[in-house]
Amino acid sequence: MKNISNKKRVILIALITILSVVVYGSFFPILNFSSEKPTTPLVFTFLNIVIFYLISDGIGTIVPTMFPQWTLLKIAYCNFAISAAGLLVRYFLEFGEISNTYNFTVFNVAFHLFITVGLATLEAKKTMSKEK
């Protein structure tokens, strides 16, 4: 990242943040624990989990590479902010729809935040240890 000019770096950070927010919002809920949810075929649930893992892995690799001076705690806060922003985008995108009543339960939101922040931060920790 040292070879990239500041202007290009800001544009890259903005694009990655927007993409991350959209992706994290799109994959909510990873698993729906609501009893009122419609049934989802197992294949779609499996694909959702696999693709979500791969994207979290990528985000967890990109953030410490772009900000090598950040601590793991700061990276975790960044991952939390990106994930929470994704949930807000998804909530307002579906505002007023019946799906918000069974998707946005306290447990589903907490589980999503825990998994997104946890996976991306663990990958960031692995990336940081490789770079040392």
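Everything that follows concerns the structure shown earlier in this document.
Note that the structure is predicted; figures quoted are calculated from it, not measured.

So, on to the nonpolar core. Nonpolar side chains in soluble globular proteins tend to end up buried together. Grouped together as the largest cluster of nonpolar side chains are 17 residues, with contacts concentrated most on Tyr 24, Val 63 and Trp 70. For this core, the secondary-structure elements that each account for two or more residues are α1 (6–26), α2 (42–66), α3 (72–93) and α5 (106–131). Excluding residues within four positions of it along the chain, Tyr 24 makes contact with Phe 52, Ser 56, Ile 59, Ile 82, Ser 83, His 112, Thr 116 and Ala 120.

In this structure the tally under the stated criterion is 1 salt bridge. Residue Glu 123 is joined to Lys 126 by a salt bridge in which the shortest nitrogen-to-oxygen separation is 3.1 Å. Remark: Lys 126 and Glu 123 occur in helix α5; sequence separation between them is 3 residues, near one turn of the helix.

A few words now on the packing of α3 against α5. At a closest axis distance of 9 Å, the pairing of α3 and α5 adopts a crossing angle of 145°. The element α3 and its partner α5 pack so that their crossing is right-handed. Every residue of α5 that contacts α3 at Leu 72, Ile 75, Ala 76, Asn 79, Phe 80, Ser 83, Ala 84 and Leu 87 is listed here: Val 109, His 112, Leu 113, Thr 116, Val 117, Ala 120, Thr 121, Ala 124, Lys 125 and Met 128. Tallied by class, the residues present in the contact of α3 with α5 amount to 12 nonpolar, 5 polar and 1 charged.

Moving on, we get to the side chain of Glu 123. Accessibility expressed as a relative area gives 9% for Glu 123, which makes it buried. Not counting the four nearest positions on each side in its chain, Glu 123 is found in contact with Asp 57, Gly 60 and Thr 61.

For Leu 54, the location among the structural elements is in helix α2. The exposure class of Leu 54 is exposed, given its relative accessible area of 54%. Sequence separation between Leu 54 and Leu 119 is 65 residues; the distance between their C-alpha atoms is 9.8 Å.

Parameters at a glance
- Residues numbered from 1 in each chain as written.
- Predicted model: local features only at pLDDT ≥ 70, side-chain atom pairs only at ≥ 80, totals over all residues.
- Heavy atoms only, no water.
- Core = buried A, V, L, I, M, F, W, Y, C linked by side-chain atoms within 4.5 Å.
- Buried < 20%, exposed > 50% of the residue type's maximum accessible area, 1.4 Å probe, protein only.
- Helix = DSSP H or I, 4+ residues; strand = E, 2+ residues; numbered from the N terminus.
- Contact = heavy atoms within 4.5 Å.
- Salt bridge = Lys/Arg side-chain N within 4 Å of Asp/Glu carboxyl O.
- Axes fitted to C-alpha atoms, helices over the stretch in contact; angles between N-to-C directions.
- Left-handed = near helix turned anticlockwise from the far one by under 90°.
- Nonpolar A, V, L, I, M, F, W, Y, C, P; charged D, E, K, R; others polar.

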